[in-house]
Amino acid sequence: MKEILRAATTALSLKVFAAGLAFAFNVVLARMLGADQTGFYFICLALATICSVIGRLGLDDVLVKVTSANKAVQSWQYVYGHFVAAIVIGGVGSALVGVVLFFSSDYLAVTVFDQPQLVGAIKLMALAVLPVSIYTLASQGLKGLRCIKESLSVLNVFAPLVSLAALPVFVAWLGLDGSIVAYVVGAYFAAAIGIFLWYRRATENAPFSSAFNMPELLGPAPPLFIVSVMQLIINWSSVVFLGIWADSADAGIFRVANRTAMLTSFIFIAIDSISAPKFAEFIKTGNLMMLRKTARQSCALMASIAGPVLALFLFFPEFVMSVFGHDFVSGATVLAIIAVGQFVNVATGSVASLLVMSGNERLLRNDLIVSAILNLLLGMILIPKFGSLGAAIGLALTIAFQNLYATYLVYRKLGFWTIPFFGRKCL
């Protein structure tokens, strides 16, 4: 636990800084573009994110597992080889999917969203698919090496930092297209830095010597790929549905509220980035007692820090949303509803990482499939009638179900509850 607390201090500081960057980016974006244009930006971002997840083929989650496991037994040639293979496979896949998005821009803008002005914006956003995949894979490789500071910086700091710096200039010059150019520039910068940092930290341990076990790398990928796609549906389907059945302003308000509510879970991401590699080590070495103790104590730490953030969103949502401009104040209730769902995510702990690291990827996959279907059904029922409010209700219910059921699966497979005060005898 002391190691987690020490590392969490650095990780939490970085995550708070990253959350501040993301919040500042959203504020500048919303104030410069307004609700309608902000909605267009997030619709384009949703499409690029979907393509990036498809292109990575689930290898980002596999990379943490195989890197941590091989590092624990000093098999450095497999650490190197698996990373190179993941970058090549994920990079080629993402480039191909990005090309498809680029040439599908007319159909998507005109036929699907009935917004012909989005054609150029979608084409620009397609350029971000490859670098987003590369820096995500690099971050996961660093996470597996337990280089938490570098991992979080690559995933959450470098891209928004550069994008935020470029955003006012490009938006003043190009409007909506400028906001996307700023995002693309930040993504390429993060990808380059991510590869450099991984190589520098990995080769500190042993000379570069590449070898890989294809079944070890690709074997867990299919269920984890399905997990990624299902999580993608949960996170982004509401934005797409709002773009189709509501208007761009609703999409902008919902996504700004959602990204703000996700500040509730910044502690989760910070501590999980430290805990997940340790879970893999404890499972690899058979130390199940430490696995139980670490998982439960991490969960308690997550919930205790996230509580004040949730209170802010529940009791002062109008004030928080007013920061983004007058157009966004109507999203106060949306913010409060999503924040409740995000708190359930934090309060249940690192259940997804526990299932993945313990070889129960298929159970996590099944949980997310059911959750994604639930999210789609709730979206199709609620969004046409209630717009962004319906999207918030559907998302919050989905997040709660997904994490509570995953908590039960951890108990069934590993024999302990991650939620504090449940099954204390497991400690």
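The rules behind each value
- Residues numbered from 1 in each chain as written.
- Predicted model: local features only at pLDDT ≥ 70, side-chain atom pairs only at ≥ 80, totals over all residues.
- Heavy atoms only, no water.
- Helix = DSSP H or I, 4+ residues; strand = E, 2+ residues; numbered from the N terminus.
- Rg over C-alpha atoms; globule rule 2.2 N^0.38 Å.
- Buried < 20%, exposed > 50% of the residue type's maximum accessible area, 1.4 Å probe, protein only.
- Contact = heavy atoms within 4.5 Å.
- Areas by Shrake-Rupley, 256 points an atom, 1.4 Å probe, with all protein chains shown as cover.
- Polar contact = N/O pair within 3.5 Å; in protein donor to acceptor, adjacent residues only side chain to side chain.
- Core = buried A, V, L, I, M, F, W, Y, C linked by side-chain atoms within 4.5 Å.
- Axes fitted to C-alpha atoms, helices over the stretch in contact; angles between N-to-C directions.
- Parallel < 35°, antiparallel > 145°, perpendicular 65-115°, else oblique.
- Left-handed = near helix turned anticlockwise from the far one by under 90°.
- Nonpolar A, V, L, I, M, F, W, Y, C, P; charged D, E, K, R; others polar.
- Phe/Tyr/Trp six-rings, centres within 6.5 Å; stacked < 30°, edge-to-face > 60°.
- Lys NZ or Arg CZ within 6 Å of the ring centre and 35° of its normal.
- Patch = residues over 30% accessible without salt bridge, like charges linked within 9 Å, V, L, I, M, F, W, Y side chains within 5 Å.
- Salt bridge = Lys/Arg side-chain N within 4 Å of Asp/Glu carboxyl O.

Student: Teacher, can you tell me more about the overall build of the protein chain here?
Tutor: What the protein chain contains, in helices and strands, is 18 helices and zero strands. Radius of gyration (C-alpha) of the protein chain: 21 Å, near the 22 Å computed for a compact globule of 427 residues. A principal-axis box enclosing the C-alpha atoms of the protein chain has dimensions of 55 × 45 × 35 Å. Counting all 427 residues of the protein chain, 59% fall into the buried class. Nonlocal contacts in the protein chain, meaning residues at least 24 apart in sequence, comprise 83% of its contacts between residues at least 6 apart. As displayed, the protein chain offers around 16,300 Å² of accessible surface, 68% of which is attributable to carbon and sulfur atoms.

Student: Before we go on, may I ask you to explain the side chain of D60 in this structure?
Tutor: Tracing the sequence through the fold places D60 in helix 2 (residues 59–72). Here the side chain of D60 touches R56 through a polar contact of 3.3 Å, side chain to side chain. Residues within four places of D60 in sequence aside, it is in contact with T136, L137, Q140 and S228.

Student: Got a minute to help me understand the nonpolar core in this structure?
Tutor: The biggest cluster of nonpolar side chains holds 133 residues, and the ones touching the most others in it are Y41, L118, M125, Y135 and F254. When residues of this core are assigned to their parent elements, the largest contribution, 21 residues, is made by helix 1 (residues 2–56). Ignoring anything within four residues of it in the chain, the contact list for Y41 reads F25, L29, M125, L176, S179, I180 and Y183. Listed in part, the six residues of the second largest apolar core include F268, I271, L301 and M302.

Student: Quick question: what am I supposed to make of unusual backbone geometry here?
Tutor: Of all residues except glycine, most have a negative phi; of all peptide bonds, most are trans. The backbone phi angle of D114 is positive, close to 55°, even though this residue is not glycine. Structurally, D114 can be placed in the loop between helix 4 (105–112) and helix 5 (119–126). Judged by relative accessible area, D114 falls into the exposed class, the value being 58%. Here R146, not a glycine, exhibits a phi torsion of approximately 65°, which is positive. Assignment of secondary structure puts R146 in the loop between helix 6 (129–144) and helix 7 (148–174). Exposure remark for R146: the relative accessible area of 28% places this residue in the partly exposed category.

Student: I would appreciate a short explanation of the packing of helix 7 against helix 8 (residues 176–202) in the present structure.
Tutor: To describe two helices that pack against each other, one gives the angle between their axes and the distance between the axes. Following both chains from N to C, one finds helix 7 and helix 8 inclined at 155°, their axes separated by 7 Å at the closest point. Between helix 7 and helix 8, the angle falls in the class roughly antiparallel. The two elements helix 7 and helix 8 cross, and the hand of that crossing is right-handed. In terms of residue class, the contact of helix 7 with helix 8 is made up of 19 nonpolar, five polar and three charged.

Student: I tried to follow the environment of T398 on my own but got confused; where do I start?
Tutor: The residue T398 is located in helix 18 (residues 388–414) in this model. Expressed as a C-alpha distance, the spacing of T398 and L374, which sit 24 residues apart in the sequence, is 6.5 Å. Once residues lying within four places of it in the same chain are set aside, the contact partners of T398 are I234, S371, L374, N375 and L378.

Student: Would you mind going over the packing of aromatic side chains with me for this structure?
Tutor: Where two aromatic rings form a pair, the distance of their centres and the angle of their planes describe that pair. In the structure shown here, the tally under the stated rule is twelve aromatic pairs. Taking the centre distance of 5.2 Å and the plane angle of 70° together, the rings of F23 and F324 count as edge-to-face. Here F324 lies in the loop between helix 14 (317–322) and helix 15 (332–347) and F23 lies in helix 1, a separation of 301 residues in the sequence. The exposure class assigned to F23 is partly exposed, which follows from its relative accessible area of 25%. For F324, a relative accessible area of 1% gives the class buried. Between Y80 and W198 the ring centres are 6.1 Å apart and the planes differ by 85°, which places this aromatic pair in the edge-to-face class. One end of the pair, Y80, is in helix 3 (residues 76–103); the other, W198, is in helix 8, with 118 residues separating them in the sequence. The residues Y80 and W198 share a single accessibility class, namely buried. Connected via pairs of aromatic rings, a cluster forms that spans F23, F324 and F328. When the ring centre of F102 is taken as origin, the NZ or CZ atom of K123, which lies over that ring, is 4.4 Å away. Taking NZ or CZ as reference, R255 lies 3.8 Å from the ring centre of W236, over its face.

Student: Looking at this structure, how should I read a nonpolar patch on the surface?
Tutor: Together, I244, W245, I373, L377, M380 and I381 make up a nonpolar patch on the protein surface, roughly 570 Å² of accessible area in all. Elements with a minimum of two residues in the nonpolar patch: helix 10 (221–245) and helix 17 (361–386). Ranked by the residues each element gives to the nonpolar patch, the list is headed by helix 17, at four residues. Tracing the backbone shows M380 in helix 17. When its relative accessible area of 41% is taken as the criterion, M380 is described as partly exposed.

Student: Explain the packing of helix 17 against helix 18 to me, please; I cannot follow it from the model alone.
Tutor: At a closest axis distance of 8 Å, the pairing of helix 17 and helix 18 adopts a crossing angle of 165°. Judged by the angle between their axes, helix 17 and helix 18 are roughly antiparallel. Pair helix 17 / helix 18 crosses with right-handed handedness. Residues of the contact of helix 17 with helix 18, tallied by class, amount to 17 nonpolar, seven polar and three charged.

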